[in-house]
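Topology and contacts: notes
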Amino acid sequence: MYRALWALLRPYRFVLIFAVILQAIAGISSLIPWVAISQIALSPVEQGNTWVIIAFISGVVWLVCQTLALYLTHQTDNQLCYQLRLKILNKLNRLPLSEFVYAGKEGIQKIVDRDVRLLHQL
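The present account deals with the structure reproduced in this document. (Residues numbered from 1 in each chain as written. Predicted model: local features only at pLDDT ≥ 70, side-chain atom pairs only at ≥ 80, totals over all residues. Heavy atoms only, no water.)

**Considerations on the overall build of the protein chain**
Of regular secondary structure, the protein chain possesses 4 helices and 0 strands. Ordered by position from the N terminus, the helices and strands of the protein chain form the series α-α-α-α. Put simply, the protein chain has 122 residues, and 21% of those count as buried. Within the protein chain, residue pairs in contact and separated by at least 24 positions form 76% of the contacts whose partners lie at least 6 positions apart. (Helix = DSSP H or I, 4+ residues; strand = E, 2+ residues; numbered from the N terminus. Buried < 20%, exposed > 50% of the residue type's maximum accessible area, 1.4 Å probe, protein only. Contact = heavy atoms within 4.5 Å.)

Now the structure itself:
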């Protein structure tokens with residue numbers, strides 16, 4: 001199963017790796033404001049402005065990296081579901097007409113929706 005999934009995700013591998021790296025950067029930068037708060041409490045008043053600026057910059061980095069990672073993963077998910085729908089439709093084109101008569105419109109639609117929904121959850 002993992003080989004089939006890896007083969008399916010192969011065209012999107014670099015985008016997903018980049019999204020994971022962005023998530024890691026966002027996770028690390030989300031901790032910096034907490035460090036800055038502790039340093040503001042411990043340091044003299046003159047150095048407090050520096051820590052506020054550092055906390056602000058790390059908050060902006062967190063927001064940008066988090067947003068970009070979520071955008072990339074959702075775009076990849078949309079492209080992957082579209083690719084899967086096309087493959088399913090190509091296979092449905094090769095089915096004999098008797099399959100459609102036996103399963104009916106709802107039966108074929110359930111099969112396609114279930115497969116795409118399961119991939120989206122994965």
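**A closer look at the nonpolar core**
Residues A19, L22, A26, C65, A69 and L72 constitute the largest nonpolar core, which totals 6 residues. Contributing elements (two or more residues each) for this core: α2 (13-42) and α3 (48-93). If we skip the residues at most four places from it in the chain, L72 touches V15, F18, A19 and L22. (Core = buried A, V, L, I, M, F, W, Y, C linked by side-chain atoms within 4.5 Å.)

**Section: a nonpolar patch on the surface**
Side chains of F14, I17, I21, I25, I53, F56, I57, V60, V61 and V64 sit close together on the surface and give an oily, nonpolar patch of about 940 Å² of accessible area. Looking at which element gives the most residues to the nonpolar patch, the answer is α3, with 6 residues. Tracing the chain through its elements places F56 in helix α3. Classification of F56 as exposed rests on a relative accessible area of 58%. (Patch = residues over 30% accessible without salt bridge, like charges linked within 9 Å, V, L, I, M, F, W, Y side chains within 5 Å. Areas by Shrake-Rupley, 256 points an atom, 1.4 Å probe, with all protein chains shown as cover. Salt bridge = Lys/Arg side-chain N within 4 Å of Asp/Glu carboxyl O.)

**Description of the packing of α2 against α3**
Relative orientation of the contacting elements α2 and α3 amounts to 160°, with a least axis distance of 7 Å. On the basis of the axis angle, α2 is roughly antiparallel to α3. In this structure, α2 meets α3 at a crossing whose hand is left-handed. (Axes fitted to C-alpha atoms, helices over the stretch in contact; angles between N-to-C directions. Parallel < 35°, antiparallel > 145°, perpendicular 65-115°, else oblique. Left-handed = near helix turned anticlockwise from the far one by under 90°.)

**As for the packing of aromatic side chains**
In total, this model carries 0 aromatic pairs according to the counting rule given. If you follow R13 out to its NZ or CZ, it ends over the ring of F14, 5.4 Å from the centre. (Phe/Tyr/Trp six-rings, centres within 6.5 Å; stacked < 30°, edge-to-face > 60°. Lys NZ or Arg CZ within 6 Å of the ring centre and 35° of its normal.)

**Describing the environment of Q79**
Topologically, Q79 is positioned in helix α3. Each C-alpha atom, one on Q79 and one on Y12, is 9.1 Å from the other, the two residues being 67 residues apart in sequence.

**Observations concerning the side chain of S29**
Turning to its location among the elements, S29 is positioned in helix α2. Engagement of the side chain of S29 in a polar contact is seen with the backbone nitrogen of W62, the distance being 3.4 Å. Ignoring anything within four residues of it in the chain, the contact list for S29 reads S58, V61 and W62. (Polar contact = N/O pair within 3.5 Å; in protein donor to acceptor, adjacent residues only side chain to side chain.)

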